[in-house]
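# Survey of secondary and tertiary structure
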Amino acid sequence: MRRVAFLLAVGLSVPGLADAQVLQPSDAVTGPYVAGGLGLNLLPDTRAATQGDAAQQLRNLGIYQNGSVSFDPGFAGVLSLGWGFGNGLRAEVEGNFRRNDLEGAGGFTGAGRLSIGGQQDTYGVMANLLLDLGSFGPVVPYVGAGLGYAVTDWRNMRLTGSAAGVRLHATGTDGRFAFQGIAGFAFPLDFLPGAALTAEYRFFGTLGPNLPIRAENAATGARLAGGSIETDNYNHSVLLGIRYAFNGVPPAPPPAPPAPAPSAVRTFLVFFDWDRADLTERARQIIAEAALNARRAGGSTRIEVAGHADRSGTPEYNQRLSQRRADQVAGELVRNGVDRGDIAITAFGETRPLVATADGVREPQNRRVEIVLR
């Protein structure tokens, strides 16, 4: 489990994550989602310790019964069904599969030159807990960990020694407790709300499998002795995939409220930097002034907070960005003493510019939140 803790620590210390914006409710995964990924699996060299009569048979022939085996790079695949809690935390159930072919073996002193063959499959079911760490530009990094059960399957694994004419032949399965650590990045697709591409690293391991093995005559295949072989099973996987959250379609902006008499309305404008939703010092001063005016009204004032964006992104992305900006301003009003129940929040994306522009133009006057006191 120290390996899992190390992976989580690495994910939390990725350079630049300290500057990531806090995940807003409009961006966080809420409700059900599905995810899948395919990629490369690396299975490091592992010990191979024979036990039982097979180990004694090897000793009788002058062969050291313990060695190691190595595997070619293989592939891995995962499929998950999850639930997002709307605050960056996600829980999911995962099915996974990994396959690697046997590449070589060593350490069986006295056996002579070894010829090899066969493959290892690992498949299992995991329960994962993941945390989205915030938005960093167009990227959302995340870390996670999982526990579950996995079956290690040795399929026709063969080690044949040229010196003694003995073949070790292992075919069988063993299920064990499994664990994993996850670190990845999600890239939301603006043209398909709710969908995101994912790129992640997984360390996946199980408790040491103990698999059936037999020693047999290499020439005739006659069984000489039976026993078992104990190995390690630690995997490093790099996966590319896609995730789809069913809450991803942003709601349509609400209709504009009817215009009140000019004398009854006060408006405050808060401006933002490009593609940002964090508040500048000047913005905080304006919000504090609006909060002071609202408090002086003695609770009879209706406060409307409306977020806007310029046209430099897609309409879907700008809708979410304007929502984040409005959420930030509303939160600052509350910190300045305004009752949250007196605030109505709306987001209009790029649909109501102060300055009309062509699509793709970065216009500072349009990157704003309007605070209206009625």
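Data block above holds the structure.
The structure reproduced in this document is the subject of the present report.

Rules used in this analysis
- Residues numbered from 1 in each chain as written.
- Predicted model: local features only at pLDDT ≥ 70, side-chain atom pairs only at ≥ 80, totals over all residues.
- Heavy atoms only, no water.
- Helix = DSSP H or I, 4+ residues; strand = E, 2+ residues; numbered from the N terminus.
- Buried < 20%, exposed > 50% of the residue type's maximum accessible area, 1.4 Å probe, protein only.
- Polar contact = N/O pair within 3.5 Å; in protein donor to acceptor, adjacent residues only side chain to side chain.
- Contact = heavy atoms within 4.5 Å.
- Phe/Tyr/Trp six-rings, centres within 6.5 Å; stacked < 30°, edge-to-face > 60°.
- Lys NZ or Arg CZ within 6 Å of the ring centre and 35° of its normal.
- 1 Å grid on protein atoms, 1.4 Å probe; cavity = no way out; pocket = protein on both sides within 12 Å on 5 of 7 lines; lining within 4 Å.
- Points joined across faces, edges and corners; volume = space filled by probe spheres on them.
- Expected span 1.5 Å × (residues − 1).
- Arc of directions from axis to C-beta.

Next up on the list: the side chain of Asp153. Mapped onto the fold, Asp153 is located in strand β7 (residues 140-161). The class for Asp153 is buried, based on a relative accessible area of 10%. One polar contact links Asp153 to Arg155, side chain to side chain, over a distance of 3.5 Å. Beyond its immediate stretch of four places on either side in the chain, Asp153 contacts Gln119, Gln120, Asp121, Tyr123, Gly172 and Thr173.

Our next topic: the packing of aromatic side chains. According to the stated counting rule, one finds 5 aromatic pairs in the structure shown. Pairing Phe177 with Phe179 gives two aromatic rings, centres 6.3 Å apart and planes at 35°, and the pair type is tilted. With relative accessibility at 37%, the residue Phe177 sits in the partly exposed group. Against the face of Phe204 rests Arg98, its NZ or CZ located 4.3 Å from the ring centre. When the ring centre of Phe348 is taken as reference, the NZ or CZ atom of Arg352 above it lies at 4.1 Å.

Before going further, it helps to examine empty space enclosed by the protein. The tally for this structure, following the rule as stated, stands at 4 cavities of 30 Å³ or more. Roughly 150 Å³ of internal volume is contained in the largest cavity. Residue assignment for the lining of the largest cavity shows that the elements contributing at least two residues are β1 (30-42), β4 (74-85), β5 (89-106), β9 (195-206) and β12 (233-245). For the lining of the largest cavity, the leading source of residues is β12, giving 5 residues.

This next bit is on helix α3 (residues 281-296). Here α3 spans 23 Å end to end across 16 residues, near enough to the 22 Å set by a 1.5 Å rise per residue. Of the residues making up α3, those classed as buried are Ala283, Ile286, Ile287, Ala290, Ala291, Asn293 and Ala294. Down the axis of α3, the sector holding all buried residues measures 160°, keeping them to one side. Opposite the buried face of α3, at more than 90 degrees from it, the exposed residues are Glu281, Arg282 and Arg296. In this structure, the buried side of α3 is in contact with β13 (266-271), β14 (303-307), α4 (315-335) and β16 (368-373).

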